[in-house]
Each structure stands twice: as structure tokens, then as C-alpha cells.
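This is what each chain is made of:
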Amino acid sequence: MKIILITLIFFCCKMAKAEFFQNISDIIDNNKERLSYGVSVTDFNKDGNYEFVVTGFGYPNLALKYVDGRLVNSIIDELFLDEQRKTIGVAACDIDQDGFEEIYFLNTDSYSGEKKYSDRLLDNNNNTISDYFEIDENIKNLNLTAGRSVVCVDREGLGKYGIYVANYGGPTRFYEIDDTKVYDLAPSLNIDKITGGRAVVAGQIVSDRVDIFAANERGPNFLYQNKNGIFNDVAGEKKYKMFFKMEEEQL
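Being a predicted model, the structure only gives us computed values, none of them experimental.

Caption draft 1: Up close: the overall build of the protein chain. In terms of regular secondary structure, the protein chain is built from two helices and 16 strands. The 251 residues of the protein chain split such that 46% are buried. For the protein chain, the proportion of contacts with a sequence separation of at least 24, taken over those separated by at least 6, is 49%. Summed over its atoms, the accessible surface of the protein chain is roughly 13900 Å², and 54% of this surface lies on carbon and sulfur atoms.

If you want it as C-alpha cells, here you go:
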């Protein structure tokens, strides 16, 4: 009886597993080999349907939309495609409170420390794509440090999102927008730490608000507990200071 029961469980599990996922990668249009390190889901063109926003590291960024049984790139815009910049991460959320999600593209053209090209914070207004970081008043807050990961954070639980940028060899960034002006709140929130930031996730981890866990390569990880919109480093209160030499190696 035990042998029969184990056999039945095995076949049931195998059948159930086969029903969950089917490889339909062949429907991705023009799916050639390329470097793509990040992906997000959003309705950036505001047509009521979601797209997979796929980053291109030395390749154009893509907005893959499901059309007639195929996943095809739906945005042909030089600012969005941004083939000259090496995009490594992406996050989408409504940071300017207009009811639609914006896209943050994290670009990295150096291994650590200072980089040449800044990140993008793209808005789509009546099918015209613009970059908040190209507004003169926001240039002083450009992220010119190599980074690895980015996440949206509803810091106050009011549906107003900020952007946490995990940088490598430079201070962490935390961007919020007031009207069209982009502010880096990381220093005032005491989360502008310098380490080898690799990955970051936000969610209700240790509180009933959105907390932040950042995974780091050169130093301890960060676990920020959200206390009424202010982040408390529950992994350790000391200020981490780690300085890196610029490395020649490529990503």
C-alpha cells in the first residue's frame, strides 16, 4: 500500500507541476541574445494593458506588449530606448502623483564609484516621454554613482512613492518628487550609506509599513524598519563608511 501511495503522489505531483508553466519564449519578437539585467511590469503607454519593461545593458530598453499572440516592443522613442547608456535596473511606480506610473532606469557604466551617465526618471505625458533629471533644477541631484538595484517605496503609506537606489561605492539615494523637483532624501533619512550595494527589496518585513532590506557585497546588509515614514537601521546603528578604489574590470 505504501508503494502504491508513494507512486500516486509522485504522478499527481508531476501532473500538477506540468500544468503550472509552459515555455512560450518563442512568442517574444526578435528575441536575440543580449545583456538584460532588469525587468519591471507597468502600463507606461497608458493603453490599459501592461508591458514588460526590459533593460538593455548596451542594448535598447524594451517595452514588450502582448499583441496578436506575440510579445512585441511597443515604444520606439530615443529617450526610452537609450541604447548608449548601460541600464542595469528598473522600477516603475507613481512618483509624481499623477495617477500613472513613471519609470526609473538605473544606469551603470563603471564597476564602482563615479560613473559617466546618470540615471533616467521617465514620465509619459500625452505620449511625450521626458526625463525629470533633464530639468535644470534637478541636475544637482543626479545619481552619478555606479549602482546595482532600485526599488519603489511607499514611505508614508499614502500611495506616494519614493525610489531607493542601491549604489556601489557611493552613497545610497532615495528620491521623491514635489511638483517637478526631484529631492534626494537619503541624507535626511539617514540612509545615505556607502557600501557595495547589490540588491534591494521593499515590503512589510518588520513593521506594518513598507520596510527596506538591502543586500550588500562589501559590508553588512541593511534592514531599515519604517517608523512613521522614518527608517531605523535595525541591523546596526553605526554609520558605515567604506571607500572603494575605481576598478578596471567590466560588469
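Caption draft 2: The environment of E102, seen in detail. Summarising the element assignment, E102 is placed in strand β6 (residues 102–107). For the pair formed by E102 and T42, sequence separation is 60 residues and the distance between their alpha carbons is 8.7 Å. If we ignore the near neighbours within four places in the chain, the residues touching E102 are F44, A91, A92, C93, D94, I95, D96, L121, L122, D123 and Y132. Within the local environment of E102, its side chain forms a polar contact with the backbone nitrogen of D96, the two atoms lying 3.3 Å apart.

Caption draft 3: Representation of the sheet that holds strand β4 (residues 70–73). In space, the four strands of this open sheet follow the order β1-β2-β3-β4, with antiparallel pairing throughout. The open sheet has two edge strands with one neighbour each: β1 (39–42) and β4. Sheet twist, expressed as the average angle between the axes of neighbouring strands with direction ignored, equals 30 degrees.

Caption draft 4: Region of the structure containing the pattern of salt bridges. Considering all chains together, one arrives at 10 salt bridges under this definition. Between R70 and D29 there is a salt bridge; the shortest N-O distance is 3.8 Å. Pair noted here: R70 is in strand β4 and D29 is in the loop between α1 (2–20) and β1, with a separation of 41 residues, a long-range link. Judged by its relative accessible area of 39%, D29 is partly exposed. Between E176 and R155 there is a salt bridge; the shortest N-O distance is 2.8 Å. Of this pair, E176 sits in strand β11 (residues 173–178) while R155 sits in the loop between β9 (147–153) and β10 (162–171), and the two are 21 residues apart along the sequence. Of the two residues, E176 and R155, both sit in the buried class. Salt bridges sharing partners connect three or more residues here, namely D82, R120, D131 and E134.

Caption draft 5: Structural context of the layout of surface pockets. As a volume, the largest pocket reaches approximately 420 Å³. Taken together, 19 residues form the lining of the largest pocket, with D29, N30, R34, L62 and L64 sitting closest to its centre. Looking at the lining of the largest pocket, the elements that each hand over two or more residues are β2 (51–54), β3 (62–67) and β4. Looking at the lining of the largest pocket element by element, the count peaks at three residues for β4.

Caption draft 6: View of the environment of F174. Relative to the elements of secondary structure, F174 occurs in strand β11. The sequence separation of F174 and D192 amounts to 18 residues, and the corresponding C-alpha distance is 8.0 Å.

Reading the values: the criteria
Residues numbered from 1 in each chain as written. Predicted model: local features only at pLDDT ≥ 70, side-chain atom pairs only at ≥ 80, totals over all residues. Heavy atoms only, no water. Helix = DSSP H or I, 4+ residues; strand = E, 2+ residues; numbered from the N terminus. Buried < 20%, exposed > 50% of the residue type's maximum accessible area, 1.4 Å probe, protein only. Contact = heavy atoms within 4.5 Å. Areas by Shrake-Rupley, 256 points an atom, 1.4 Å probe, with all protein chains shown as cover. Polar contact = N/O pair within 3.5 Å; in protein donor to acceptor, adjacent residues only side chain to side chain. Pairing = 2+ DSSP bridges. Axes fitted to C-alpha atoms, helices over the stretch in contact; angles between N-to-C directions. Salt bridge = Lys/Arg side-chain N within 4 Å of Asp/Glu carboxyl O. 1 Å grid on protein atoms, 1.4 Å probe; cavity = no way out; pocket = protein on both sides within 12 Å on 5 of 7 lines; lining within 4 Å. Points joined across faces, edges and corners; volume = space filled by probe spheres on them.

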